[in-house]
Amino acid sequence: MSLELIDVHKSYPIRGGRRVILRGAYGRIARGEKVGILGRNGSGKSTLVRILGGVEAPSSGRIRNSMTLSWPIGMMAGFQPKLSGADNARFIARIYGRNTESVVESVADFSELGEYLRMPVMTYSSGMRSRLALAVSLAVDFDCYLVDEALAVGDTRFGRAFAEKIERSGLILVSHSPALVRRLCTRAAVLDQGILTFYDDLDEALATYNAL
Amino acid sequence: MSLRGEVALVLRGARMQRRVIGALIIREMHTRFGRHYFGYIWLFFEPLLLGTCIGLIHLLRDSPSTFGPFEFYAIGYVVYFIFRGIINRASSAITGNIGLLYHRTITLPDIFFARHIIETVSVTGVLVVFLFVLFAINGDFPENPTKIALAMIGMALLSQGIALVAAAATEAVEGIERGIHAITYLALPVCGMFFLVEWLPDWLQELALYIPTVHIFELLRDGQFGSRFRAHYDISYVMGWIMVTHLIGLAALRITRQRIGLE
């Protein structure tokens, strides 16, 4: 089982031309692999995440996926701010066909939200939001987690628990932080000016990225 | 793939779609009204109140005719309310729910189907209340409730088809949603809610019967008091409209989905 990119192109029309995000990307991520994708701000990382997650169509080329892959876990993907964290967790459980109460229980255990779990998500801090999103996705249980950067999973109790949980599954982490990628991934790719290059050696990827 | 395999795939897809639509209904109810009973009551009261007002205005103003003006206009308005409610909300459905598309299991039509089910069920509840109250007050029961139910279903499906097209059009051309609101208002006098085809001069009858909602209102009134007038409607004409609008709407939404960039 794997996720494969086959000659993937993506560009957007912008004023006076097109902005190119990907020009012919190839790559294969096998089940259980932990891959970091590094890119500077504005290199199109978030778009790449959405293409990998199958929620945005590439301009041409194909994504072939045979794993269960999480939704792109960023800040607010489909979370309704007026609803409580628990209600949002129930909604996600329903659309992925999981038992609602066991998902809520697992989120309560893992997210460290305490009483806030019953409060509207709009009252959360950004750290709490990302903990909720990650906890819900872990409760649904995917082969591979697709995580957009800016997640407050630093070296905290939650961060360590998260790292431990994904030990047994795959991870695609898109980030501008080499430190985060080094901590969570075993392999990395660099996205620069529309070219996505996979490196088998993590150090080589980080060195290339740092030299950009 | 074998036929059996394909059938299994379609069934699995149908089960997933049912699950997603169910989840969306619960989410939409919680979001629109909070977890308070008052919200649910309002969903029900809005058409009830407006229907009652329109019915009363006509009851006081109109000379007594062969038809009870209250049941004619109040129930007519309730059916029009489906049309208005579904189509007016269409243009905000995609922008308001764009975050949901982060989940591959949710498709654009699912979002619409869920809302339309809420709208139709609540308005049907109001219709049933009206029918029973009228029965309790003056013992009038509709001559053919099946026809009334068919008219409701027809109105919901026709509105859904138009809503799908309207939503795709809104995504393609910015600003078009203002026009859509204007159209649902302008449709009020011509949609068939305020008249029977029989009351119109011949030349106008022919024109009126090009409007699909006119057929639906005729069917509704045939169900209410069919023996007291000659109804003009053609169910296959309405079904044609429903099919064509659904085909165009679903196809256009497919193209829309390919184009949507999230955030």
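Looking at the environment of B:Met243
All names here are of chain B.
Here comes step 1: Locating Met243 in the fold gives a position in helix 9 (residues 235–259).
Here comes step 2: Among the residues examined, Met243 registers 12 C-beta atoms within 10 Å and is labelled exposed.
Here comes step 3: Between the alpha carbons of Met243 and Ser122 there is a distance of 24 Å; along the sequence they are 121 residues apart.

Overview of the interface of chain A and chain B
Here comes step 1: Contacts between the two partners involve 21 residues from chain A, matched on the other side by 18 residues from chain B.
Here comes step 2: If one sorts the elements of the side of chain A that touches chain B by residue count, helix 2 (residues 85–95) of chain A sits on top with four residues.
Here comes step 3: Split into classes, the residues belonging to the side of chain A that touches chain B amount to 12 nonpolar, four polar and five charged.

Topic: unusual backbone geometry
Residues and elements named next belong to chain A.
Here comes step 1: Residues other than glycine seldom take positive phi values, yet Asp7 does so here, at roughly 50 degrees.
Here comes step 2: Summarising the element assignment, Asp7 is placed in strand 1 (residues 2–14).
Here comes step 3: One non-glycine residue with positive phi stands out, namely Gln193, at about 50 degrees.
Here comes step 4: Structurally, Gln193 can be placed in the loop between strand 7 (187–192) and strand 8 (195–199).
Here comes step 5: Residue class for Gln193 comes out exposed when judged on the 12 C-beta atoms lying within 10 Å of it.

What about the sheet that holds strand 4 (residues 60–65) of chain A?
Residue and element names in this part refer to chain A.
Here comes step 1: Strand order in the open sheet made by the three strands is 2-1-4, with antiparallel pairing throughout. A strand with exactly one partner marks an edge of an open sheet, and here the two such strands are strand 2 (17–30) and strand 4. Averaged over all adjacent pairs, the angle separating strand axes in this sheet is 20 degrees, with direction ignored.
Here comes step 2: Running over the sheet, helix 1 (residues 45–52) touches strand 1, strand 2 and strand 4 and is turned about 130 degrees from strand 1.

Brief notes about the confidence of the model for chain A
Here comes step 1: Mean pLDDT over chain A stands at 88; residues scoring 70 or higher make up 96%.
Here comes step 2: No element of chain A has a lower mean pLDDT than helix 5 (residues 157–165) of chain A, which averages 77, and none a higher one than helix 2 of chain A, which averages 95.

Quick word on the packing of helix 3 (residues 69–96) of chain B against helix 8 (residues 212–225) of chain B
Residues and elements named next belong to chain B.
Here comes step 1: Running from amino to carboxyl end, helix 3 crosses helix 8 at an angle of 140 degrees, the nearest separation of the two axes being 11 Å. Classified by the angle between their axes, helix 3 and helix 8 sit oblique to one another. Regarding helix 3 and helix 8, the two cross each other, and that crossing is right-handed. Facing Glu71, Ile75, Gly76, Val79 and Phe83 of helix 3, the residues of helix 8 in contact are Thr213, Phe217, Leu220 and Gln224.
Here comes step 2: Per-class residue counts for the contact of helix 3 with helix 8 are five nonpolar, three polar and one charged.

Parameters at a glance
Residues numbered from 1 in each chain as written. Chains lettered and ligands numbered in written order. Predicted model: local features only at pLDDT ≥ 70, side-chain atom pairs only at ≥ 80, totals over all residues. Helix = DSSP H or I, 4+ residues; strand = E, 2+ residues; numbered from the N terminus. Buried ≥ 20, exposed ≤ 12 C-beta atoms within 10 Å, placed from the backbone. Contact = placed C-beta atoms within 7 Å. Nonpolar A, V, L, I, M, F, W, Y, C, P; charged D, E, K, R; others polar. Pairing = 2+ DSSP bridges. Axes fitted to C-alpha atoms, helices over the stretch in contact; angles between N-to-C directions. pLDDT = per-residue confidence, 0-100. Parallel < 35°, antiparallel > 145°, perpendicular 65-115°, else oblique. Left-handed = near helix turned anticlockwise from the far one by under 90°.

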